[in-house]
Amino acid sequence: MKTIHTDVLIIGGGPAGSTMGSYLARNNIRCTIVEKEKFPREHVGESLVISCNKIFQDLDLFPDLEKANFPKKYGAAWSNTNKKTILSHDWRIYGIENTASVLFGERQQEGVHSDYTYHVDRGLFDQILLNKSRQNGAEVYEESFVTSISFKEDKSGVVCTAHHREEEMNIHAKMIVDASGRATVVGRALKIKENDPVFNQLAIHTWFEDYARNEDVHKDYIYIHFLPYSHTWVWQIPISETITSIGLVTHKDHIKKSNKSLDEIFHEFIQTKTDVLTRIQSAKQLKPFKMEADYSYKMKHLTGDNFILIGDAARYVDPIFSSGVSIALNAARIAVHEVIQAVKTNNFTKESFTYYNDTIETGCKNWYEFITLYYKLNVMFTWFISNPKYKSEVIRFLQGDVYEKEESFLIRDMKKMCNDIEMNENHILHQYLNKK
């Protein structure tokens, strides 16, 4: 059995884990990344938000991203369904536009020096990040998975066993950073994982070649297409000049009694968005449909003696607005200072990670409220985007700038609007509020 001694064991080599590895190694902290897959591997979550650029700048990643020729993402656009079904009307008579868009560059963000980020092939993107962590000095073991975790009673460290290909490893670390994504290795081991009480979504997605994207300034935007069902929408993400990722997100209740295939379910929903359906029918599907489910959850706490949870290993709600990678990268950036300090002072108590815990809790709370209100308002979201009073604040959230403790006036006013409509049965929009 191989024995490894390290300061920090990082479980998972995805964006959160590889970013943490780069930050730590650049600060001369011994760190070991254990990743169960062999990179490159397929992964969903292909559109970034501009707050990621802070990390790209810190770790000198821009040259690698530019070399990969990922499509540049300058903004986002939304469209309502154009088929006359339960939630489809000419909303303009209520002051609600059927389409809307934003440019990230319309609002300056501290620490960000460009007006675009990227859409990415996650297989290549994640490999770039993991390779960067190696270059910076992190020890990386792919095709490895943790089989047991034992925290020392005196809080002096943790001992893990891991299986690396044909070899067993015994890893002695001072602390664990769990970046294992939806596997939530530490959360499961400590039994602190809780399913989300509201969101119970699933996603069905694939890639299409020669899907006819909008031939205008929005061609390389991420598109979010509303569909006429609660908690339901379609993403449209450029992966290359010719490849587009298309994904359906809906609530499990809409298909829980269905015996249909993923292909049949996908096309049944897409029929309510005829322009997207037409483009799909003229394109070539490159991969079988894949489903992601059971991804909405939280942890009872994000830190403890000798461990912290980052990225999807800490919290995940819904893929709307492409928050996953941004939260993962920024969680590593926010946590690293306390992790470095813990190693230097040999103090790995839960209290050592207070700033990280409080900051991420605040960001997750703000993001959760924003998403919840978005789903309740749904058909009215384009009104907030188009209203000069709220547009900059909407962009702030879409940029991933969500860590302020003071409640946003956007959240406050969205809550009030929802409440006013919900309490007034005669309100013209009462029947269109999503109740889930």
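Just so it is clear, the model here is predicted, and its values are computed rather than measured.

K.L.:
What should I look at first to understand the overall build of the chain in this one?
P.N.:
Scanning the chain from N- to C-terminus turns up twelve helices and 21 strands. Here the C-alpha coordinates of the chain stretch approximately 65 × 45 × 45 Å along the principal axes. In the chain, which comprises 436 residues, the share counted as buried stands at 58%. In the chain, the share of contacts with a sequence separation of at least 24, taken over all contacts with a separation of at least 6, comes to 73%. Here the chain contributes 53 positive and 57 negative side-chain charges, whose respective centroids are spaced 2 Å apart.

K.L.:
Whenever I open this one, the environment of Ala-25 confuses me. Can you help?
P.N.:
Within the secondary structure, Ala-25 is located in helix H1 (residues 15-26). Residue contacts for Ala-25: discarding those within four places in its chain leaves Cys-31, Asn-136, Gly-137 and Ala-138.

K.L.:
Can you help me understand the confidence of the model for the chain in this one?
P.N.:
Parts of the prediction with low pLDDT should not have their coordinates interpreted in detail. Confidence in the prediction of the chain, expressed as mean pLDDT, is 89, and 94% of residues score 70 or more. Across residues 82-91, where pLDDT falls below 50, the model places 26 contacts with residues more than four positions away in sequence or in other chains.

K.L.:
I tried to follow helix H7 (residues 274-281) on my own but got confused; where do I start?
P.N.:
Since one α-helical turn is 3.6 residues long, residues separated by three or four positions face the same way. Of all the residues in H7, the buried ones are Val-276, Leu-277 and Ile-280. Projected down its long axis, H7 carries its buried residues within an arc of 100°, all on one side. Residues of H7 that are buried in the fold lie against strand E12 (201-209), strand E13 (222-226), strand E15 (243-251) and helix H6 (262-270).

K.L.:
Honestly, the state of the cysteines in this entry has me stumped. Any pointers?
P.N.:
Note: disulfide means a covalent bond formed between the sulfur atoms of two cysteine side chains. Counted according to the given criterion, the structure contains zero disulfides. Cysteine Cys-31 is unpaired, with the sulfur of Cys-160 as its nearest cysteine sulfur at 15 Å.

K.L.:
So what exactly am I meant to see when it comes to the pattern of salt bridges here?
P.N.:
Pairing between side chains becomes possible if they bear opposite charge and their charged atoms approach one another. Going through the model one piece at a time under the given rule, you end up with 25 salt bridges. As a salt-bridge pair, Lys-155 and Asp-305 come within 3.3 Å of each other at their nearest N and O atoms. Taken as a pair, Lys-155 in the loop between strand E8 (144-151) and strand E9 (158-164) and Asp-305 in the loop between strand E19 (303-304) and strand E20 (307-309) lie far apart in primary sequence, 150 residues in all. Owing to a relative accessible area of 40%, Lys-155 belongs among the partly exposed residues under this scheme. Notably, a salt bridge pairs Asp-220 with Arg-213, separated by 3.7 Å at the nearest N-O pair. One salt-bridge network, in which partners are shared between bridges, spans Lys-365, Glu-369, Glu-407 and Lys-415.

K.L.:
Whenever I open this one, the packing of aromatic side chains confuses me. Can you help?
P.N.:
Given two aromatic rings, one states the distance between the centres and the angle between the planes to describe the pair. One pass over the full model with this rule turns up 23 aromatic pairs. Ring centres of Phe-56 and Phe-125 lie 6.1 Å apart, and the angle between their planes is 75°; on these two criteria the pair is classed as edge-to-face. Within this pair, whereas Phe-56 is found in helix H2 (residues 53-58), its partner Phe-125 is found in helix H4 (residues 122-136), the two being separated by 69 residues in sequence. Overall, Phe-56 belongs to the buried group, its relative accessible area being 0%. Phe-125 gets classed as buried once you look at its relative accessible area, which sits at 0%. One aromatic cluster is present, formed by Trp-78, Phe-226, Phe-321, Trp-367, Phe-370, Tyr-374, Tyr-375 and Phe-397 through successive ring pairs. In this arrangement the basic side chain of Lys-193 is found over the ring face of Tyr-297, its NZ or CZ atom lying 4.4 Å from the centre.

K.L.:
Help me out: how do you make sense of empty space enclosed by the protein in this one?
P.N.:
With a probe scaled to a water molecule rolled over the atoms, the places where space remains empty come into view. If you walk through the whole model with that rule in mind, you get seven cavities of 30 Å³ or more. By volume, the largest cavity amounts to about 100 Å³. Every residue along the wall of the largest cavity is listed here: Asp-312, Arg-315, Tyr-316, Val-317, Asp-318, Ser-323, Gly-324, Ile-327, Cys-364, Trp-367 and Tyr-368. Split into classes, the residues belonging to the lining of the largest cavity amount to six nonpolar, two polar and three charged.

K.L.:
Could you clarify how one ought to interpret the layout of surface pockets in this entry?
P.N.:
In this structure, the largest pocket occupies an estimated 1000 Å³ of space. Lining the largest pocket we find 48 residues, and of these His-43, Arg-122, Gly-181, Arg-182 and Asp-312 sit closest to its centre. Among the elements of the structure, H1, E8, strand E14 (233-238), strand E17 (290-293) and helix H8 (323-345) are those that each provide at least two residues to the lining of the largest pocket. The element best represented in the lining of the largest pocket is H8, accounting for four residues. Residue composition of the lining of the largest pocket, by class: 23 nonpolar, 14 polar and eleven charged.

K.L.:
Even after reading the chapter, I still don't get the sheet that holds strand E21 (residues 315-316), so can you show me in this structure?
P.N.:
Strand-to-strand pairing in sheets goes through backbone hydrogen bonds, with the strands running parallel or antiparallel. Spatial ordering of the open sheet is given by E11-E18-E21, a layout of three strands whose pairing is antiparallel. Two strands lie at the open edges of the sheet, namely strand E11 (193-195) and E21, each paired on one side alone.

K.L.:
What exactly am I supposed to notice about the packing of helix H11 (residues 388-398) against helix H12 (residues 409-423) here?
P.N.:
Between H11 and H12, whose axes approach to 9 Å, the crossing angle comes to 110°. In terms of their interaxial angle, H11 and H12 are classed as roughly perpendicular. Within the contact between the two elements, H11 uses Lys-389, Tyr-390, Glu-393, Val-394 and Phe-397 and H12 uses Phe-409, Leu-410, Ile-411 and Asp-413. Within the contact of H11 with H12, the residues separate by chemical class into six nonpolar, no polar and three charged.

K.L.:
When you look at the packing of H6 against H7 in this model, what are you seeing that I'm missing?
P.N.:
How two helices pack is summed up by the angle between their axes together with the distance between the axes. The N-to-C vectors of H6 and H7 enclose an angle of 135°; their axes lie 9 Å apart at closest approach. Relative to H7, the element H6 lies oblique. Contacts between H6 and H7 involve Phe-266, His-267 and Ile-270 from the former and Thr-274, Val-276, Leu-277 and Ile-280 from the latter. In terms of residue class, the contact of H6 with H7 is made up of five nonpolar, two polar and no charged.

Basis of the calculations
Residues numbered from 1 in each chain as written. Predicted model: local features only at pLDDT ≥ 70, side-chain atom pairs only at ≥ 80, totals over all residues. Heavy atoms only, no water. Helix = DSSP H or I, 4+ residues; strand = E, 2+ residues; numbered from the N terminus. Buried < 20%, exposed > 50% of the residue type's maximum accessible area, 1.4 Å probe, protein only. Contact = heavy atoms within 4.5 Å. Lys, Arg positive; Asp, Glu negative; His and termini not counted. Charge placed at Lys NZ, Arg CZ, Asp CG, Glu CD. pLDDT = per-residue confidence, 0-100. Arc of directions from axis to C-beta. Disulfide = S-S within 2.5 Å. Salt bridge = Lys/Arg side-chain N within 4 Å of Asp/Glu carboxyl O. Phe/Tyr/Trp six-rings, centres within 6.5 Å; stacked < 30°, edge-to-face > 60°. Lys NZ or Arg CZ within 6 Å of the ring centre and 35° of its normal. 1 Å grid on protein atoms, 1.4 Å probe; cavity = no way out; pocket = protein on both sides within 12 Å on 5 of 7 lines; lining within 4 Å. Points joined across faces, edges and corners; volume = space filled by probe spheres on them. Nonpolar A, V, L, I, M, F, W, Y, C, P; charged D, E, K, R; others polar. Pairing = 2+ DSSP bridges. Axes fitted to C-alpha atoms, helices over the stretch in contact; angles between N-to-C directions. Parallel < 35°, antiparallel > 145°, perpendicular 65-115°, else oblique.

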